[in-house]
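# Descriptive analysis of the structure
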Amino acid sequence: MQRTWCSGLTWDAPLPDDIHAEWAAFVADLASLLTIRVPRYVNTQQGSPCLLLGFCDASQLGYAAVAYVRVIDAPPDKCIFLLGAKTKLAPVKTLTVPRLELNAAVLLARWLGRLRHILAPQLNIINTHAWSDSTIVLSWVTVPHDSFKTYVSNRVHQIHNLLPDCQWHQIESANNPADCASRGLMPSELVHFSLYWHGPPVIYSDTSSWEPSPTPTNICELPEARPVVCAGRADDVPVEWFASFSSFDRLIRVTARVLRFISHFRVFRKRNSCLFPPDNLSESDDGRVLHLSVYLSKLELDNATRIIILESQRVHFAVLRRELSHAARVSLKSLAKLSPFIDTDTVIRVGGRLKHSLLNYNCKHPVLLAKNSHLARLIGERWHRLTCHSGPRVMAALILRQYWIVSIKSVLHKVLSRCNVCVRLNARPVQPFMADLPASRVQQCRPFARVGVDFAGPLQMRELGLRKSRTVKIYVSVFVCFTVKAVHLEVVSDLSTNAFLAAFDRFVARRGLPTDVFTDCGTNFIGANKQLHALVNSTDGQVAIANARTACEWHFNPPSAPHFGGLWEAAVRSTKRLLTRVIGVHSFTYEEFTTVLTRIEAVLNSRPLTPASTDPQDLECLTPGHFLIGQPLLAVPPRSTPDAKRNVGIGGNCSTNVTRPFGDDGRLNI
């Protein structure tokens, strides 16, 4: 079956001749299995000691595990019983033979572990033994699992957990009963294969003659061994002794505690009073007993910090310290321009021309640290936490007040890249590779020959211009041209089929009859409700739309697939964005709303299709309006209207202007 699958055959294709011949021979030989009798009874007395035995083997075809039980008190001819076998095909991905043998050992460990759990109430299993013909696998299972690479380490660790007290032995392939299962055996051959049914001769012999597998002397010579196990650290590579610390504050406090212990131990050793002082007690030079402070003083913390700085500089600036101590010229140019010097505490600091300024001494002469030092990394991580995971500019400004880290930007970049919080919050979603544009978007045709339709709303509109007129809901039908992205907006009174067809008729009367109309029949309509679903998703609504314009071909998107209508969804978003900014909380009349809607349509059709150029010699930007009238649609016509009429009240002191949607300058009055 695996070979058939890998050959890439279809379901109704005939099998290749070699596979067909093997399959026919196997089916014809299946009748031989009727003569096989497997005893289910294990000849054991209550509480008789037993041994659980297992064999594993692998080949390029598959791997297998066979399990037996040996009753110690039974006669030699009736002491071995076959418990069962497990087989698995080798994976399609090619593996090395040692890895396949290791998978067989894992299969045997699972099989023996399960048998021990099941047979524990019935059998007194005192020990477990396993055999394999692979010396590499036997070496792997007798060595700690962390000495190998991940693939081998995980499986060796699993074997140790399943069979912690198992004894592994080596056996020849000719005497391995699992060999027949790993290489394959016909049913007629299996009937007479006594090695499988009764086991090899070694399991009938005395258990004292079963020699365990020897442990390899050199782990580095085994396959899949980790390089770090074999390679030692070079003597000439300097490493700071505090490289195992992950916190700057903890490093300083631990060092201060150690220095306190050393100082008090010297005092007590000098007095010869006792080897160790009592808890929280110390003795002064004049013999008086003083209580030790539980808290660390600032002097102790500063001393510990100085010791850590000296260690870091000893490791990374040994040559520089030697040159400064002998008043020699600094050989490294990148450090020479910093004018380094050694202060009274033997700490290397950065020089400069601010010696006589009133700044803090650490600000004038910060401590010099190498970018590869572990101390620089701890300082960067400390200030990264203190600044609430801020950026490198804030961290660098605060660190440079006390420490001068060479190439501090690279150090802070490593700190930010290792911070789990910053990496998780700064992560950007992976942008999927966009598919090709559909044919309707890239083929040449006139404007509005292929359109997409969608609804926007609901919006509020007043029936009349009176002060207390009724407010009704309206919708906007958005028509988008697929080729030039021109937009046509129509007011729709409701979400019924008749209202939409009326808006479609007005669109056709102004823009012409389109050849293809694309609509969204999913849940992504603006203001999706039952009426909108009934209009687009129902059979009656789609039939009514299709019958109204037989010359148009209607295309309905799949349900719950908004990415199919990305073009008109973007047009709806742009329309609503301008509408909400112009209308605000006001309710317009039909005349005012239609005027605003046409102005928004002109704005959308005046958007450039190509990037604007800063060169005055270039032509103007191409817009959808150029395909409609030959120029953008935002040219405001001049107005010469008379003065606004006034309604004079009683006494002639009260006057109001008649509301107009646009003023004399062409701007909308709200």
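In what follows, the structure referred to is the one given above.
What comes next is a walk through the structure.

Counting secondary structure elements, the chain contains 25 helices and 16 strands. Looking at the chain as a whole, 38% of its 670 residues qualify as buried. Excluding contacts between residues fewer than 6 apart, the proportion of contacts in the chain whose partners are at least 24 apart in sequence is 63%. Accessible surface for the chain amounts to roughly 41,000 Å². Of this, 56% is attributable to carbon and sulfur atoms.

Turning next to helix H17 (residues 408–418). Taken together, the buried positions of H17 are occupied by Ile408, Val411, Leu412 and Val415. The buried residues of H17 occupy an angular sector of 95° when projected down its axis, which confines them to one face. H17 presents Lys409 and His413 as exposed residues on the side facing more than 90 degrees away from its buried surface. Looking at the buried positions of H17, the neighbouring elements they touch are helix H15 (374–386), helix H16 (392–399) and strand S11 (403–405).

When you line up the elements, Ser213 lands in the loop between helix H8 (194–198) and helix H9 (227–230). In this structure, the C-alpha to C-alpha distance between Ser213 and Val141, residues 72 residues apart in sequence, is 9.6 Å. Residues contacting Ser213, with those up to four places away along its chain left out, are Leu138, Thr142, Trp168 and His169.

All right, on to the nonpolar core then. Core analysis: the biggest nonpolar cluster contains 60 residues, and Leu53, Trp140, Ile159 and Trp168 have the highest contact counts within it. Elements with a contribution of two residues or more to this core: strand S1 (49–58), strand S2 (62–71), strand S3 (80–89), helix H3 (97–119), strand S4 (124–132), helix H4 (135–141), helix H5 (150–162) and H8. The leading source of residues in this core is H3, at twelve residues. Apart from residues no more than four positions distant in its own chain, Trp168 is found in contact with Cys56, Ala105, Leu108, Ala130, Leu138, Val141, Ile159, Pro212 and Ser213. Ala304, Val347, Ile399 and Ile405 belong to the second largest nonpolar core, which has 27 residues in total.

Right, let's get into the packing of aromatic side chains. Taken as a whole and assessed by the stated rule, the structure comprises 13 aromatic pairs. Ring geometry for Tyr196 versus Trp197: centroids 5.1 Å apart, planes at 80°, classification edge-to-face. The exposure class of Tyr196 is buried, given its relative accessible area of 13%. A ring pair is formed by Phe504 and Phe507, whose centres lie 6.2 Å apart and whose planes are at 40°; its orientation type is tilted.

A few words now on the sheet that holds strand S13 (residues 471–481). Spatial strand order, S14-S13-S12-S15-S16: five strands in an open sheet with mixed pairing. Two strands lie at the open edges of the sheet, namely strand S14 (487–492) and strand S16 (553–556), each paired on one side alone. Adjacent strand axes in the sheet meet at a mean angle of 30° when their direction is disregarded. Here four bridges tie strand S12 (residues 450–462) to strand S15 (residues 516–519), and the two strands are oriented parallel to one another. Counted as the bridge partner of Val451 is Val517 from S15.

A word on the side chain of Arg349. Its place among the elements puts Arg349 in strand S9 (residues 348–349). According to the relative accessible area criterion, Arg349 is buried, its value standing at 10%. Of the polar contacts made by the side chain of Arg349, one reaches the side chain of Asn362; its length is 3.1 Å. Other than its neighbours up to four places away in sequence, Arg349 contacts Ser339, Pro340, Phe341, Asp343, Tyr361, Asn362, His365, Pro366, Val367 and Leu368.

What counts and what doesn't
Residues numbered from 1 in each chain as written. Predicted model: local features only at pLDDT ≥ 70, side-chain atom pairs only at ≥ 80, totals over all residues. Heavy atoms only, no water. Helix = DSSP H or I, 4+ residues; strand = E, 2+ residues; numbered from the N terminus. Buried < 20%, exposed > 50% of the residue type's maximum accessible area, 1.4 Å probe, protein only. Contact = heavy atoms within 4.5 Å. Areas by Shrake-Rupley, 256 points an atom, 1.4 Å probe, with all protein chains shown as cover. Arc of directions from axis to C-beta. Core = buried A, V, L, I, M, F, W, Y, C linked by side-chain atoms within 4.5 Å. Phe/Tyr/Trp six-rings, centres within 6.5 Å; stacked < 30°, edge-to-face > 60°. Pairing = 2+ DSSP bridges. Axes fitted to C-alpha atoms, helices over the stretch in contact; angles between N-to-C directions. Polar contact = N/O pair within 3.5 Å; in protein donor to acceptor, adjacent residues only side chain to side chain.

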